[in-house]
Amino acid sequence: MKKILTISLALFFSANLLFAQSEKYTAAMTAALTDFDKSQNKEPVRDEWLALANRFERIASAEPKEWLPRYYAAYAYSSLAFMGNNVTEKDQLADKAEVLLKEAIAIAGENSELMVLDAQIHQVRLASDPQMRWQTEGPLFAASLAKAKTMDANNPRIYVLEGTSLLYTPEQFGGGKKAARPVLEKAMEKFATFKPQSPLHPSWGEGQAGYMLGEASK
């Protein structure tokens, strides 16, 4: 009887400890995502995105089984890479994003959101040196988005990246406003019905899609 009571108490305290850890993780992510949303919906500020990257990395270090803090840290580093001062700095930031992306894939396996993030990392490498990299990073960007579509064609962020890329691609290479507009319209259609799996799962991109659609419609 004493042994049964000891085991029961151990299970009770273990369950409470896990619940407390889960609550702590959710609270940390919710607070970080509040700041993420603020930075996402305005002109990018380098120091804010660096602080976000560091913050999500700290959560990731404390939560070795969670892929979402690694996802957001990788997203923040890839966003920072677009703001880099030169190709070397941009590549270093993209490298950091790629390491975190691989960690997230190791935990969660490949999914549509992670493939969109993979495409974004290829996009920043391409934008860093388009003349030297369009033949290598361009196909990798397209392949990652194609893979994301096979996993969840209703993910609106696929069309945000695809439309944005087309908008800034010269017409002679298949891009331009006319090519981008229907893709960005599709992104907005997808956002109208999109529901994230949880408050912590990715939901960014609607503001970007709306802005880019406005630019494509001018």
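So, how was this worked out
Residues numbered from 1 in each chain as written. Predicted model: local features only at pLDDT ≥ 70, side-chain atom pairs only at ≥ 80, totals over all residues. Heavy atoms only, no water. Helix = DSSP H or I, 4+ residues; strand = E, 2+ residues; numbered from the N terminus. Buried < 20%, exposed > 50% of the residue type's maximum accessible area, 1.4 Å probe, protein only. Contact = heavy atoms within 4.5 Å. Areas by Shrake-Rupley, 256 points an atom, 1.4 Å probe, with all protein chains shown as cover. Lys, Arg positive; Asp, Glu negative; His and termini not counted. Charge placed at Lys NZ, Arg CZ, Asp CG, Glu CD. 1 Å grid on protein atoms, 1.4 Å probe; cavity = no way out; pocket = protein on both sides within 12 Å on 5 of 7 lines; lining within 4 Å. Points joined across faces, edges and corners; volume = space filled by probe spheres on them. Nonpolar A, V, L, I, M, F, W, Y, C, P; charged D, E, K, R; others polar. Domains from an automatic or database assignment. Expected span 1.5 Å × (residues − 1). Polar contact = N/O pair within 3.5 Å; in protein donor to acceptor, adjacent residues only side chain to side chain. Phe/Tyr/Trp six-rings, centres within 6.5 Å; stacked < 30°, edge-to-face > 60°. Lys NZ or Arg CZ within 6 Å of the ring centre and 35° of its normal.

The name given to the protein in an unreviewed UniProt entry is Tetratricopeptide repeat protein, with the source organism recorded as Salmonirosea aquatica.

Quick question: what am I supposed to make of the overall build of the protein here?
Helix and strand counts for the protein come out as 10 helices and 0 strands. Listed N to C, the secondary structure of the protein is α-α-α-α-α-α-α-α-α-α in terms of helices and strands. Its C-alpha atoms give the protein principal-axis dimensions of about 80 × 40 × 30 Å. Within the protein, the fraction of its 218 residues that count as buried is 41%. Pairs at least 24 residues apart make up 64% of the contacts formed inside the protein by residues separated by at least 6 positions. Of the roughly 12,300 Å² that the protein leaves accessible, carbon and sulfur atoms contribute 58%. Distance between charge centres in the protein, computed from 25 positive and 26 negative side chains, equals 4 Å.

Explanation requested: the layout of surface pockets in the structure shown.
Think of a ball as big as a water molecule: rolled over the atoms, this probe shows where empty space is left. For the largest pocket, the calculated volume is near 1,600 Å³. Taken together, 48 residues form the lining of the largest pocket, with F82, Q123, T164, S165 and Y168 sitting closest to its centre. The element best represented in the lining of the largest pocket is helix α7 (residues 137–151), accounting for 7 residues. In the lining of the largest pocket, the residues fall into 24 nonpolar, 17 polar and 7 charged. Counting contributing residues, the lining of the largest pocket receives three or more from each of domain 1 (42–132) and domain 2 (154–217).

Can you help me understand the environment of E215 in this one?
Relative to the assigned elements, E215 resides in helix α10 (residues 206–216). Other than its neighbours up to four places away in sequence, E215 contacts L167 and K177.

Please clarify how helix α8 (residues 156–167) should be interpreted in this entry.
Note on helix geometry: an α-helix contains 3.6 residues per turn, so any two residues three or four positions apart are oriented the same way. Between its first and last C-alpha, α8 extends 17 Å over 12 residues, near the 16 Å set by a 1.5 Å rise per residue. Extensive coverage of α8 is indicated by the burial of 9 of its 12 residues. Within the sequence span of α8, burial applies to P156, R157, I158, Y159, V160, L161, G163, T164 and L167. Turning to α8, the residues buried within the fold contact α5 (112–128), α7, α9 (177–193) and α10. Residue N155 occupies the N-cap position of α8, its side-chain oxygen lying 3.0 Å from the main-chain nitrogen of R157.

When you look at the packing of aromatic side chains in this model, what are you seeing that I'm missing?
Think of a pair of aromatic rings as described by two things: how far the centres are apart, and how the planes are tilted against each other in angle. Under the definition given, this model contains 9 aromatic pairs. For the ring pair W67 and Y71, a centre distance of 6.0 Å and an interplane angle of 80° mean the geometry is edge-to-face. Under the relative-accessibility criterion, W67 is labelled buried at 13%. Assessed through its relative accessible area of 0%, Y71 is described here as buried. Seen from their ring centres, Y75 and W204 are 4.7 Å apart, and the 50° between their planes marks the pair as tilted. Highlighted residues: Y75 in helix α3 (residues 68–82) and W204 in the loop between α9 and α10, separated in sequence by 129 residues. Its relative accessible area of 4% is what places Y75 among the buried residues. On the basis of relative accessibility, which here comes to 5%, the residue W204 falls in the buried class. Grouping aromatic residues by their ring pairs yields a cluster made of F36, W49, F56, W67, Y71, Y72, Y75 and W204. When the ring centre of F194 is taken as origin, the NZ or CZ atom of R157, which lies over that ring, is 4.6 Å away. One cation-aromatic arrangement involves R157 over W204; the distance from NZ or CZ to the ring centre is 5.9 Å.

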